[in-house]
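Topology and contacts: notes
As a plain string of letters, each chain reads:
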Amino acid sequence: MSNKKLNDPTLPIELEPITWENPELIEETIANKKVSFVLGADAKLGVSVFNAESDADPSEVFGKAGALIPFQANRAWLKYAAACNIKVKGGLDIKSVGFEMDVAAGLQAYVYRKHDATQLLKEAQARDINSIKTIFSKTHIRDLDTGEAVGLEFAGKLGASIAVSWSDVWTSQLSVLSDLLDTNELIKLKVGPEASIKTSIQLEDAFRVQLVKTGRQEYQLWIKRNQSKKWSSSISINVGVKIENPAVITDRLDSLFQEVFEVSFAKLNDLVKKKASTLSESEKLIIKAIANRLGWNESTAFDQLKEKIETIYETLHKKVETAVTKKVEAGFKYEYLRVAERDDLFSATVTDSGLDEFHQDIIRANVTPLIHHALQQPSSALLNHVKFLRKDVKKRERSSGFSLGFGKWVASNRNKVSMMQTTRTTEKGVQVAYHGQRSYEDGVGSSKRQWLVDFNAEMPQVSNQPVTPLASEFNYSLNLQFEWTEKRLKPADLDSFLDLCRLWNVISDGQWTTLRAQLESDLDHASAITYACTALYPHELFRVMIAAMGNSSAQLDSVFYQSLGAALPYWAPFPVRMDVEKKAMHYAPIWREFIETESVNPQEIAAQHLKDIDKKLAAEERNYAPNQFINFQSFAFAAKHNAQTLRRWKSFREGVSELSKAIDRQALQVHDPLVNQCFQKMEDLWLFPLHAKAFGNYLVRIADQYPTLRAQAVRTAKISYTKKDKDQVLIIGRT
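Residues numbered from 1 in each chain as written. Predicted model: local features only at pLDDT ≥ 70, side-chain atom pairs only at ≥ 80, totals over all residues. Heavy atoms only, no water.

**Some points on the overall build of the protein**
- Per the secondary structure count, the protein includes 21 helices and 25 strands.
- Burial status across the protein gives 56% buried among its 735 residues.
- Total accessible area computed for the protein in this model is approximately 31,300 Å², and 48% of it derives from carbon and sulfur atoms.
- In the protein, 94 side chains carry a positive charge and 91 a negative one; their mean positions are 2 Å apart. (Helix = DSSP H or I, 4+ residues; strand = E, 2+ residues; numbered from the N terminus. Buried < 20%, exposed > 50% of the residue type's maximum accessible area, 1.4 Å probe, protein only. Areas by Shrake-Rupley, 256 points an atom, 1.4 Å probe, with all protein chains shown as cover. Lys, Arg positive; Asp, Glu negative; His and termini not counted. Charge placed at Lys NZ, Arg CZ, Asp CG, Glu CD.)

**Some words on the pairing of strand 11 (residues 196–215)**
- In terms of burial, strand 11 is a largely internal element, 14 of the 20 residues being buried.
- Bridge count between strand 9 (residues 149–165) and strand 11: 17 bridges; the pairing is antiparallel. If you follow Leu-158 over to strand 11, its bridge partner there is Leu-203.
- As judged from the six bridges shared by strand 11 and strand 13 (residues 238–243), these two strands associate in the antiparallel manner. Bridging across to strand 13, Leu-203 finds its partner in Val-239.
- Inspection of the sheet shows strand 11 paired to strand 12 (residues 218–225) by eight bridges, in the antiparallel sense. Opposite Gly-215, over in strand 12, you have Glu-218 as the bridge partner.
- Where strand 11 folds back onto strand 12 in an antiparallel hairpin, the turn is made up of two residues. (Pairing = 2+ DSSP bridges.)

**What about the nonpolar core?**
- Core analysis: the biggest nonpolar cluster contains 116 residues, and Phe-99, Trp-170, Phe-261 and Phe-346 have the highest contact counts within it.
- The dominant element in this core, judged by the number of residues it contributes, is helix 8 (residues 298–336), at 13 residues.
- Sequence-distant contacts of Phe-261, that is, excluding residues within four places in its chain, are made with Leu-180, Leu-181, Ile-290, Arg-293, Leu-294 and Ile-312.
- Of all hydrophobic cores here, the second largest spans 102 residues; its members include Cys-533, Cys-678, Leu-685 and Leu-690. (Core = buried A, V, L, I, M, F, W, Y, C linked by side-chain atoms within 4.5 Å. Contact = heavy atoms within 4.5 Å.)

**Some thoughts on the pattern of salt bridges**
- Tallying each qualifying case throughout the model produces 34 salt bridges.
- Lys-190 is the partner of Asp-522 in a salt bridge, and the nearest nitrogen-oxygen pair spans 3.9 Å. Residue Asp-522 is located in helix 12 (residues 512–522), and its partner Lys-190 is located in strand 10 (residues 186–191); the two are separated by 332 residues in the primary sequence.
- Of the charged contacts, one joins Glu-604 and Arg-622 as a salt bridge, the two residues approaching to 3.0 Å between their closest N and O atoms. (Salt bridge = Lys/Arg side-chain N within 4 Å of Asp/Glu carboxyl O.)

**Here we look at the state of the cysteines**
- Applying the stated criterion across every chain, the model contains zero disulfides.
- This cysteine, Cys-533, is not joined by any disulfide, and Cys-501 carries the nearest cysteine sulfur, 3.6 Å off. (Disulfide = S-S within 2.5 Å.)

**Quick look at unusual backbone geometry**
- The omega angle of the peptide bond from Ala-572 to Pro-573 is 10°, so this bond is cis rather than trans.
- Look at the link from Asp-672 to Pro-673: it is a cis peptide, with omega at 10°.
- Within the element layout of this structure, Pro-673 appears in the loop between helix 19 (645–662) and helix 20 (674–683).
- For Glu-60, which is not glycine, the phi dihedral falls at a positive 55°.
- Counting through the fold element by element, Glu-60 comes out in the loop between strand 4 (44–50) and strand 5 (62–63).
- The residue Lys-724 is not glycine, and still its phi comes out positive at about 55°.
- Examined against the element boundaries, Lys-724 turns out to sit in the loop between strand 24 (714–723) and strand 25 (726–734).

**Focus: the packing of aromatic side chains**
- Under the defined criterion, the tally for this structure stands at 37 aromatic pairs.
- Taken together, a centroid distance of 5.8 Å and an interplanar angle of 90° make the contact between Tyr-110 and Tyr-112 edge-to-face.
- Among the residues examined, Tyr-110 registers a relative accessible area of 2% and is labelled buried.
- Assessed through its relative accessible area of 0%, Tyr-112 is described here as buried.
- A ring pair is formed by Phe-265 and Tyr-313, whose centres lie 4.2 Å apart and whose planes are at 35°; its orientation type is tilted. Within this pair, whereas Phe-265 is found in helix 6 (residues 265–271), its partner Tyr-313 is found in helix 8, the two being separated by 48 residues in sequence. (Phe/Tyr/Trp six-rings, centres within 6.5 Å; stacked < 30°, edge-to-face > 60°.)

**What about the environment of Val-350?**
- Tracing the backbone through its elements, the reader meets Val-350 in strand 14 (residues 344–351).
- A relative accessible area of 1% means that Val-350 is categorised as buried.
- Residues Val-350 and Ala-566, spaced 216 residues apart in sequence, show a C-alpha to C-alpha distance of 57 Å.

**So, the packing of helix 7 (residues 281–294) against helix 8**
- Put simply, helix 7 and helix 8 touch, their axes get as near as 10 Å, and they point 75° apart. With respect to their mutual orientation, helix 7 and helix 8 come out roughly perpendicular. Residues Ile-287, Lys-288, Ile-290, Ala-291, Asn-292 and Leu-294 of helix 7 form the contact with helix 8, whose own contacting residues are Glu-298, Ala-301, Phe-302, Leu-305 and Ile-312.
- Split by residue class, the contact of helix 7 with helix 8 holds eight nonpolar, one polar and two charged. (Axes fitted to C-alpha atoms, helices over the stretch in contact; angles between N-to-C directions. Parallel < 35°, antiparallel > 145°, perpendicular 65-115°, else oblique. Nonpolar A, V, L, I, M, F, W, Y, C, P; charged D, E, K, R; others polar.)

**Details of the environment of Gln-481**
- Relative to the helices and strands, Gln-481 resides in strand 22 (residues 475–488).
- In the structure, Gln-481 is positioned 102 residues away from Lys-583 in sequence and 22 Å away in space, judged by C-alpha atoms.
- A polar contact of 3.2 Å, which involves the side chain of Gln-481, links it to the side chain of Thr-534. (Polar contact = N/O pair within 3.5 Å; in protein donor to acceptor, adjacent residues only side chain to side chain.)

**Focus on the environment of Tyr-110**
- Inspection of the secondary structure puts Tyr-110 in strand 8 (residues 107–116).
- Residues in contact with Tyr-110, not counting those within four places in the same chain, are Ser-59, Val-61, Lys-79, Tyr-80, Ala-81, Ala-149, Val-150, Gly-151, Leu-152, Glu-153, Arg-208 and Gln-210.
- A polar side-chain atom of Tyr-110 sits 3.1 Å from a polar atom in the side chain of Glu-153.

**Examining helix 16 (residues 602–610)**
- Among the residues making up helix 16, those that are buried are Pro-602, Gln-603, Ile-605, Ala-606, Ala-607 and Leu-610.
- Along its buried surface, helix 16 packs onto helix 15 (580–596), helix 17 (615–622) and helix 18 (635–641).

**With respect to the packing of helix 3 (residues 166–173) against helix 8**
- For the pair helix 3 and helix 8, interaxial distance at closest approach is 9 Å and the crossing angle is 90°. Taken together, the axes of helix 3 and helix 8 are roughly perpendicular relative to one another. Between helix 3, through Trp-166, Asp-168, Val-169, Trp-170, Ser-172 and Gln-173, and helix 8, the contact on the second element is made entirely by Val-320, Ala-323, Val-324, Lys-326 and Lys-327.
- Here the residues of the contact of helix 3 with helix 8 sort into six nonpolar, two polar and three charged.

Here it is, written out as structure tokens:
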């Protein structure tokens, strides 16, 4: 066989391993310690030949056009792969020099050497083995020809850096303050949209680090998931999060304390040093407000504050740390489970100077220094095109729902799109995650409204099933967001925003008036105002909600009619239309009659139902004129512009009913295609804006049936705006 040419079609891809009596030894100094890399630790060198476009490379370096090394008709490649070992002088653990790798699971290094396709196999092998190349040596990497590559496969930890904005943290993690404050307390936080905190993460899985020489002094670096069963048989996905710049929390804490308790820590600290008998009336009011905020008895609040003020401050500090780490850990896992095997976790173009600077980080699979450099040096001579989780690290994307970034959502525009699914394959089974993110857009007058839905279905661990996972093995959760942007502050927009906050239970009725006055002041002379409400229902709560919504009871129709009524626009000066629950009560029967009788005269139905409740409102409802943009707050306008309500409601009920039955652990129904089919049917209900808002209220009503679980729902509002040439974000929620 060794006398054959490399382009001989009878050559198998996998050739006979070569016995290697003298393993390659490379020595480097890392973290001031001598480190030895032994290539060929098992005295065997695996050999593969790639001479056809169709040749399958298990490491996915060689392949068709678009591969890291694409096929060329006059070329052939020999791949040499060998087990390797890493040793630190003095017998120290390799973790002491930053190698977070499971040596017991094995490490494999490989190199791809390029040859003329007509060269004899034995000649090519003799040349290559005489000067074997590895990823552990910068000299070896530089000696590669263009179109050659080195790589490393291992089980262990990948280190990276993620910056998350404070506005994104508090939008999804405001609930961490719940057990610090009394229930139903309104919280309003002000943050700069670009203010962020850096975190470092360590992701435990199986990885491939691959470096291809693409030019005379240029290399392309890829780090990917490795789903080869050899490497993933005992691997579970674990994410560790550490805050890189904890001083940012300390700097932020004083202003956060002021916003949460409506008094500065310094002022409160001075106050508790006084005697209770010397307190002024204004100081007593501060103590009373703090007592109410914390749920304390007013008569003992001052003594409690004396004793616990430092503890409160420290607890708040811990809550902030918890909020940051929970956001990053949950968001990163969400993103990571949706990275396909062939997608890059990390990629960058590295120059020769960059190789000098970052080689030790590359072989340790620690991309944190590369990410930091890319952020600090936009025009770098060392690195270019740096991407992490398929996103350019220099471009900040807003987070929404479960994700770390909003860039990959699907714009549906009422054209339903199948959910993509990503599968992680291991020797013990498979782990599947669905991509259920959708964005929708509509316009009313000069305003553009956008609503976002993330139906999250993912397996928390590998399946127990031998073939296809069951629908019952998935975690299900849901995130909704509704937003719109206005050029300037208008009272009507503020009323609409607060109405939506009340509709989705972000605020209570008693908080409307106080919050409205505060927002009028905050937004005075503001521009580019974006109003948004978000509701997030995590797995444990949403699973029981699916079961409840899948019930065949006709009572659910009544609940949805209430939500449709509640979702009608705020309409002053009519009291019935200025209160969410009054809208629900008085317009539910109107929706029922309109839908169930399939009426073509919605304005008359509304007028008849309301004539004895509010004659002026009834007259305005009757005044609706088709094809004219008047009385757009009316029931008839809503009925016309949110079409086929009954069909969409029935489609949702059918989809959620099928899903409810499937997630029963006794059902034994496989997930594919059932989960996607159920999503397609449910998605019908949130294709139009009123239906989407009503759906958000419907979820509130369903969640309220579970008093012990409903607190898991995270409902917040966010206002982004510019004032005095400065961008600001307000986060609003309650405990």
